[in-house]
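Here is what each chain is made of, one letter per residue.
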Protein chains: 2
Amino acid sequence: MSYPFATRVQRITSSAVRDLLKVTQAGDVISFAGGLPDESLFPVQELEMAYQKVFRSGGKYLQYGPTEGDTDLRMLISERMQEKGISSHVENILVTTGSQQAIDLLAKVFLSAGDTILVENPSYLAALQAFRLYETDIIAVESDADGMIPEALEEKIIAHSPKFIYVVPTFSNPEGKVWSRERREALLRLAEKHNVLIVEDDPYSELRFAEEEPVPLAAMDTEGKRVIYTSTFSKTVAPGFRIGWLAGPKEVIRLGALSKQSTDLHTSSVDQRALYYFLKDFPVQDHVDRLRAVYERRMQAMQACLARSGPHLFEWAEPKGGMFLWVAINRPIDTSELLKAAVDEGVAFVPGASFFTGTPQTNTLRLNYTHSSQQRIEEGMGRLMAAIDKVLASKVRE
Amino acid sequence: MSYPFATRVQRITSSAVRDLLKVTQAGDVISFAGGLPDESLFPVQELEMAYQKVFRSGGKYLQYGPTEGDTDLRMLISERMQEKGISSHVENILVTTGSQQAIDLLAKVFLSAGDTILVENPSYLAALQAFRLYETDIIAVESDADGMIPEALEEKIIAHSPKFIYVVPTFSNPEGKVWSRERREALLRLAEKHNVLIVEDDPYSELRFAEEEPVPLAAMDTEGKRVIYTSTFSKTVAPGFRIGWLAGPKEVIRLGALSKQSTDLHTSSVDQRALYYFLKDFPVQDHVDRLRAVYERRMQAMQACLARSGPHLFEWAEPKGGMFLWVAINRPIDTSELLKAAVDEGVAFVPGASFFTGTPQTNTLRLNYTHSSQQRIEEGMGRLMAAIDKVLASKVRE
């Protein structure tokens with residue numbers, strides 16, 4: 001039987017990330033593919049206590065809850081926003097089922113078929129997928145190591161009248177880069193000048209290796225009208241319970257909540273309340289500091305492996321935080337082909353092509369350094385080198 | 001600042017249910033409005049133990065999980081489907097963030113702007129809202145106490161070529177009615193004849209007062225191609241953790257999962273695993289039997305109050321299960337107006353108008369009997385009668 005699917009889903013196919021996650025679940029594959037935190041670092045005992053507390057207060061948090069989220073949790077989140085210099089109150093916060101839902105709700109609230117948005121190139125794969133499901137035209141803006149290039153941005157704004165500009169300015173996915181202060185200012189100035197919204201996706205800023213935090217765009221948006229901000233507890237606490245949030249102007253939060261109501265009524269009230277107790281009762285900053293230290297050591301170990309292979313094989317920039325090393329191979333290698341050889345060797349990554357809008361740079365790949373131990377990183381990088389050698393050798397033979 | 005919202009959300013407004021839930025959270029209002037189970041009946045201790053078990057197995061279930069859901073939970077759900085006579089395997093099950101998300105995902109997968117679907121009249125409010133957000137034309141099919149009228153149904157199928165027919169055939173919301181076997185067969189036969197899909201929303205069938213369960217449409221669909229089925233653990237265990245499921249043909253589940261991936265990646269893996277342990281370790285059927293007995297007593301108590309007010313004021317049919325009494329007032333009263341007087345008296349309900357497509361029957365209202373104790377039901381019904389008296393008295397004065 002053939003089903004009358006909507007046009008929006010007729011074009012979607014399973015993502016590279018998704019297929020890979022499936023492959024790498026089997027056997028002894030060291031996976032640098034997913035953006036997974038290390039589960040051995042999750043604060044399991046503290047979370048167990050927090051969940052216990054939820055049940056000790058009876059059935060209350062097992063009941064239907066408000067679509068906007070647990071009010072106490074929203075209050076805590078809004079305080080954290082304020083600490084980052086972002087003007088925010090409870091009514092500016094919508095709790096979402098992971099920040100993926102925040103992205104989907106923004107698409108639902110803003111994007112009609114045929115609308116245009118601007119993105120970085122490369123950009124976060126799963127956000128692109130979400131936007132594509134709303135039959136949006138996605139236009140990439142030329143960028144360098146410091147962020148979008150202002151001239152290119154203004155040209156694209158004028159040419160396409162985008163609904164919004166979607167950016168991950170701090171430890172971007174996949175590149176792991178940080179936008180400079182100047183580029184952030186230029187983005188805001190141009191958005192203001194041409195009356196365009198900015199969606200700032202900020203899942204990684206807590207995982208920084210330096211003390212100082214880059215100023216979020218939302219904090220530079222002093223009137224709190226131009227930038228819609230989203231983040232998540234997936235990287236700092238755990239991803240399994242799917243809690244993220246949207247912070248933005250009241251009107252946007254109101255329509256986001258109305259859309260969320262018909263999407264899933266609300267995010268698990270059990271998980272929300274447990275997270276609230278966890279954040280209130282435990283020194284979360286100590287936990288995050290520990291994550292930073294461990295992840296930085298792992299990043300350094302992975303980088304050392306890249307460096308050991310000689311200065312000419314790879315190009316990359318040292319990430320200042322986040323979860324990813326973005327690597328270009330200075331050889332005529334398509335990393336989608338390389339992946340097959342790599343999986344045969346027992347290692348996985350995401351080929352860079354998936355993150356591009358338009359013509360991809362097929363010699364790029366994204367490596368995650370947070371999920372595996374230092375020892376596994378070294379072993380996996382050895383396997384990756386072996387796969388590259390094999391692919392290059394087979395090319396010589398051809 | 002005015003925001004460039006998508007056309008799909010420009011028309012939506014807060015729902016009556018939503019606004020009411022807000023009102024009734026304050027002060028001493030007895031609410032018959034929401035479709036809320038009684039939180040004092042939640043299996044809190046058993047759930048606490050189930051969650052504890054999740055954490056005792058370490059960080060595993062705090063990690064990202066598969067979009068389709070926890071495999072063991074999907075297996076259990078598919079066994080339950082089989083017990084209902086529905087042919088189903090793991091790959092036919094998608095775990096969703098409540099059955100509301102199942103409805104939203106079906107809309108996302110099937111409905112383009114301008115597509116048509118057929119529904120009962122009245123029908124489930126939050127499903128109508130979800131469908132409207134996809135700019136769908138919703139056409140109501142004439143129904144009586146036994147279900148949609150076959151002649152009317154066929155006429156509408158031919159006139160509108162709907163993408164699917166959405167029904168709640170067992171203890172419908174809001175009417176609490178059960179489709180007869182004959183009407184179920186007629187629906188399937190016509191869907192088959194005209195090659196239309198059926199979406200069977202079945203959240204309430206476990207809450208039946210008689211032993212025998214009406215045969216689900218999905219069980220009558222012997223090839224498992226025509227009916228897409230959705231249900232939830234919100235009514236049998238608890239709604240707060242938001243776990244429902246979609247059961248259907250593999251192709252539909254596959255696209256549903258791809259859509260869900262960009263919607264929220266997956267439903268809380270903590271909650272899913274806890275529910276799995278709960279279902280495996282505890283005699284859930286005993287718990288459901290207890291719910292049935294309590295809810296039936298409450299329904300009887302509420303019905304007795306309606307009857308006591310005299311045989312001519314109200315019309316209703318005794319529900320055989322579910323959560324609602326659907327009542328028509330035999331007086332020139334608009335229940336939306338009545339609601340204001342009722343809230344003043346300290347009682348709330350949902351005016352029937354919200355559930356209609358097209359011209360509403362404004363003298364109808366939906367009363368929930370599961371959330372309040374018998375004593376509170378009697379008190380609340382007293383307040384409702386007082387409100388009706390006041391409104392009728394003021395009409396006489398006009």
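Predicted, not measured: the structure shown is a model, and the values here were computed from it.

Visitor: Help me understand the environment of Gln-300 of chain B, please; the structure alone is not making it clear to me.
Guide: Residue and element names in this part refer to chain B. Mapped onto the fold, Gln-300 is located in helix H12 (residues 284-308). Sequence separation of Gln-300 and Glu-46 is 254 residues, and the distance between their C-alpha atoms is 29 Å. Here Gln-303 takes part through its side chain, which lies 3.0 Å from a polar atom of the side chain of Gln-300.

Visitor: Explanation requested: helix H3 (residues 44-56) of chain B in the structure shown.
Guide: With 13 residues, H3 of chain B should cover 18 Å at 1.5 Å per step; its first-to-last C-alpha distance of 18 Å lies within 8% of that length. Residues of H3 of chain B that are buried sit in contact with helix H3 (44-56) and helix H11 (269-281) of chain A together with helix H11 (269-281) of chain B. At the C-terminal side of H3 of chain B, Gly-58 of chain B shows a positive phi close to 85°.

Visitor: Just to check I follow, could you spell out the nonpolar core for this structure?
Guide: Generally speaking, soluble globular proteins have nonpolar side chains that are buried together. Formed by 146 residues in total, the largest nonpolar core has its most connected members in Phe-110 of chain A together with Phe-110 of chain B. Excluding residues that lie within four positions of it along the chain, Phe-110 of chain B makes contacts with Tyr-3, Pro-4, Phe-5 and Ala-6 of chain A together with Asp-115, Lys-163, Phe-164, Leu-197, Ile-228 and Val-252 of chain B. Of all hydrophobic cores here, the second largest spans 112 residues; its members include Ala-247 and Phe-278 of chain A together with Ala-274 and Val-284 of chain B.

Visitor: Honestly, the relation of the copies chain A and chain B in this entry has me stumped. Any pointers?
Guide: Copies of the same chain, two in number, are related to each other by a rotation about an axis and a translation along it. Each copy superposes on the other: chain A lies on chain B with an RMSD of 0.0 Å after a rotation of 180° and an axial shift of 0.0 Å. The operation mapping one copy onto its partner corresponds to a two-fold rotation axis. A shared interface surface links the copies, since 100% of the contact residues of chain A are contact residues in chain B too.

Visitor: Got a minute to help me understand the packing of H12 of chain B against helix H14 (residues 374-397) of chain B in this structure?
Guide: In a pair of packed helices, the angle between the axes and the distance between the axes together describe the arrangement. Residues and elements named next belong to chain B. Two numbers describe how H12 lies on H14: the axes approach to 9 Å, and their chain directions differ by 25°. Judged by the inter-axis angle, H12 sits roughly parallel to H14. Where H12 crosses over H14, the two elements pack in a sense that is right-handed. For the pair formed by H12 and H14, the contact residues are Arg-297, Arg-298, Ala-301, Met-302, Cys-305, Leu-306 and Arg-308 on the first element and Gln-374, Ile-377, Glu-378, Met-381 and Met-385 on the second.

Visitor: It is not clear to me how the interface of chain A and chain B should be interpreted in this structure. Could you clarify?
Guide: Taken together, the contact pairs 81 residues of chain A with 81 residues of chain B. Regarding the contact of chain A and chain B, the summed buried area is about 6,800 Å², with carbon and sulfur atoms giving 59% of it. Run the count over chain A and chain B and you get four salt bridges. Between Arg-56 of chain B and Glu-48 of chain A there is a salt bridge, with its nearest N and O atoms 2.6 Å apart. Remark: the boundary between chain A and chain B carries 38 residue pairs in polar contact (both at pLDDT 80 or more). At the level of secondary structure, the elements contributing two or more residues to the side of chain A that touches chain B comprise helix H1 (7-10), helix H2 (16-25), H3, helix H5 (98-110), helix H6 (125-132), helix H10 (250-264) and H11 of chain A. For the side of chain A that touches chain B, the element with the highest residue contribution is H10 of chain A, accounting for 10 residues.

The rules behind the values
Think of each chain on its own: its residues are numbered from 1, step by step along the sequence as written. The lettering of chains begins at A and the numbering of ligands begins at 1, in the order of writing. Where local features are concerned, this predicted model is filtered to residues with pLDDT of at least 70; where side-chain atom pairs are given and counted, the filter is 80 or more; whole-chain, interface and lining totals use all residues. Hydrogens and water are ignored here; the side-chain numbers use all heavy atoms of the structure. Only DSSP runs of H or I covering at least 4 residues are called helices, and only runs of E covering at least 2 are called strands; the numbering of each starts at the N terminus. What qualifies as a polar contact is a pair of N or O atoms within 3.5 Å, subject to a donor-acceptor requirement within protein and to the restriction that residues adjacent in sequence count only when both atoms come from side chains. A helix is expected to span 1.5 Å for every residue after the first. Note on definitions: a residue-residue contact is assigned when non-hydrogen atoms from the two residues lie within 4.5 Å. Nonpolar core, defined: a set of buried Ala, Val, Leu, Ile, Met, Phe, Trp, Tyr and Cys residues in which side-chain atoms within 4.5 Å join the residues together. In this scheme, a residue with accessible area under 20% of its type's maximum is buried, one over 50% is exposed, and one in between is partly exposed, where area comes from a 1.4 Å probe on protein chains only. Residues reaching a pLDDT of at least 70 in both copies supply the C-alpha atoms on which the copies are superposed by least squares. Every axis in this analysis is a line fitted to C-alpha atoms, fitted for helices over the stretch in contact. Angles between the N-to-C directions lie between 0 and 180 degrees. The labels follow the angle: roughly parallel below 35 degrees, roughly antiparallel above 145, roughly perpendicular from 65 to 115, and oblique for the rest. Should the near helix be turned anticlockwise from the far one by less than a right angle, the crossing is left-handed, and should it be turned clockwise, the crossing is right-handed. Summed over both partners, the accessible area lost on bringing two parts together, with a 1.4 Å probe, is the buried area. One side-chain nitrogen of Lys or Arg within 4 Å of one carboxyl oxygen of Asp or Glu is enough to make a salt bridge.

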